[in-house]
Amino acid sequence: MRQYMEKSELYNWLSVLYLLFMTDAFSTKYIDILWIWVIIILVAGNAKRVYIMKYEFILCYIRRLLYVFPFFFTLVYIEPFIFNIESIWWLIIGGVIGAFMQIPKLKDWILIWDYDIIKWNQKQDYDYLSSFVMLLCVPIGEEIFYRAFILEQANNVAAGIITSVLLFVLNHFGTKWNTKFRMYDLIVQIVFSIVSCYLYIASKSVFPCIVAHSFYNLPLMIYNIRGYMLCKRKD
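Residues numbered from 1 in each chain as written. Predicted model: local features only at pLDDT ≥ 70, side-chain atom pairs only at ≥ 80, totals over all residues. Heavy atoms only, no water.

Observations concerning the packing of helix α4 (residues 88-100) against helix α10 (residues 207-234)
Basically, it comes down to this: Only the stretch in contact is used when fitting a helix axis, every axis being a line fitted to C-alpha atoms; angles between N-to-C directions are given from 0 to 180 degrees. In this description a helix means any DSSP run of H or I spanning at least four residues, a strand means any run of E spanning at least two, and both kinds are numbered starting from the N terminus. Roughly parallel means an angle under 35 degrees; roughly antiparallel means over 145; roughly perpendicular covers 65 to 115; every other angle is labelled oblique. Two helices cross in a left-handed way if the nearer one is turned anticlockwise from the farther one by less than a right angle. They cross in a right-handed way if the turn is clockwise. Pairs of residues are marked as contacts when any of their non-hydrogen atoms sit within 4.5 Å. Residue polarity is assigned by list, with Asp, Glu, Lys and Arg as charged and Ala, Val, Leu, Ile, Met, Phe, Trp, Tyr, Cys and Pro as nonpolar; anything else, Gly included, falls into the polar class.
Remark: α4 packs on α10, axes separated minimally by 7 Å, with the N-to-C direction vectors making an angle of 30°. Considered as vectors, α4 and α10 are oriented roughly parallel to each other. Of the two elements, α4 crosses α10, and the hand of that crossing is right-handed. Contact residues: W90, L91, G94, G95, G98 and A99 in α4; F207, P208, V211, A212, F215 and Y216 in α10. Residues of the contact of α4 with α10, tallied by class, amount to nine nonpolar, three polar and no charged.

Right under this line is the structure:
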């Protein structure tokens, strides 16, 4: 396990300076964003170090939940109205947006879903299941933090969107969970984050954003379900 700070992690810490600047230039509420962001960097960035071979089964779940739970600290600040939904159509729109973002990679996913490919990349059943659990929780936690929390704390819409997009991209680029972050991933995450911000502003609810994020993660959820089922067939 590498002990030094990678360049991608350094970008996360430099974003702390950005949040300090935003606190001085716009609103002291950015301090609330800052302290939760620091916890996210520390916890998610070091989650993979929680490893003991003897207890790998349970630690696999703990590592992945460590990536998720810091986002829920924002519930201390969140007002209940963000969970209201005025129309079911916003949820449908969210689902369409999330599915649309996956269209360019659909052929790749169809290939990856093949059982022969999954067999070639065989993991333990708990690895598939813990990944699936994390993928269920991530859309909820991330959208509450990056959309509802940040946009509500910011007293300027443009500044709030910029902050949301910046931290969203840095979190996915700057943690040790991602070793293959390509230009395509960068563009998709920027576009998705911007669209999700406007979806939250227009719908006045975080639920459409959660649905969009869930649909975007759906191919990977399917991959883990198929992998888990394959493990069970062997048992």
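Here we look at the packing of aromatic side chains
Cut-off, in case you're wondering: Stacked, tilted and edge-to-face are the three classes applied to pairs of Phe, Tyr and Trp rings, where Trp contributes its six-membered ring and a pair requires centres within 6.5 Å; stacked means planes under 30 degrees apart, edge-to-face means over 60, and tilted covers the rest. Accessibility here uses a 1.4 Å probe with only protein chains present; expressed as a share of the type maximum, an area under 20% marks a residue as buried, one over 50% as exposed, and anything in between as partly exposed. Counted as over-ring charges are cases with an Arg CZ or a Lys NZ within 6 Å of the ring centre that also lie within 35 degrees of the ring normal.
Here the structure, examined in full by the defined rule, presents 17 aromatic pairs. Look at W35 and F73: their rings are 6.3 Å apart centre to centre, the planes differ by 20°, and that puts the pair in the stacked class. Here the residue W35 occupies a position in helix α2 (residues 30-46), and F73 occupies one in the loop between α3 (56-68) and α4, the gap between them amounting to 38 residues. For F73, a relative accessible area of 28% corresponds to the partly exposed category. Ring pairs connect the aromatic residues W37, Y67, F71, Y77, F145, Y146, F149, F168, F192 and Y216, which therefore count as one cluster. For R147, the ring lying beneath its charged end belongs to F168, and the centroid distance is 4.7 Å.

As for the pattern of salt bridges
Spelled out, the test is: For this analysis, a salt bridge means a side-chain nitrogen from Lys or Arg found within 4 Å of a carboxyl oxygen belonging to Asp or Glu.
One pass over the structure, following the stated rule, counts four salt bridges. The partner of R63 in a salt bridge is E56, with the nearest N and O atoms 2.8 Å apart. Of the two residues, R63 and E56, both sit in the buried class. The salt bridge involving R64 is made with D127; its shortest N-O contact spans 2.5 Å. One end of the pair, R64, is in helix α3; the other, D127, is in helix α7 (residues 125-153), and 63 residues separate them in sequence. Accessibility expressed as a relative area gives 19% for D127, which makes it buried.

So, the nonpolar core
Short version of the rule: Put simply, buried Ala, Val, Leu, Ile, Met, Phe, Trp, Tyr and Cys residues joined by side-chain atoms within 4.5 Å make one nonpolar core.
L19, I33, W37, F145 and Y146 are the most contacted members of the largest nonpolar core, which totals 41 residues. Secondary-structure elements contributing two or more residues to this core are α1 (7-25), α2, α7, α8 (157-174), α9 (183-203) and α10. Filtering out sequence-adjacent residues up to four positions away, F145 remains in contact with I33, I36, W37, I40, F71, T74 and I150. The next biggest cluster of nonpolar side chains, apart from the first, holds eight residues, and it includes W109, Y115, I118 and C231.

Description of the confidence of the model for the protein chain
Spelled out, the test is: Each residue carries a pLDDT value, the predictor's own confidence for that position, ranging from 0 to 100.
In this model, the protein chain carries a mean pLDDT of 88, and residues with pLDDT of at least 70 account for 93%. Taken element by element, the predicted model of the protein chain shows its lowest mean pLDDT in helix α6 (residues 115-120) (84) and its highest in α4 (96). Every residue in residues 1-5 is under pLDDT 50, and counting partners more than four places away or in other chains gives nine contacts.

Observations concerning the packing of α3 against α7
Where α3 contacts α7, the axes come no closer than 9 Å and their chain directions differ by 15°. Relative to α7, the element α3 lies roughly parallel. For α3 against α7, the interelement crossing comes out right-handed. Facing E56, F57, C60, Y61, R64, Y67 and V68 of α3, the residues of α7 in contact are Y126, D127, L129, S130, S131, M134, C137, V138 and E142. Within the contact of α3 with α7, the residues separate by chemical class into ten nonpolar, two polar and four charged.

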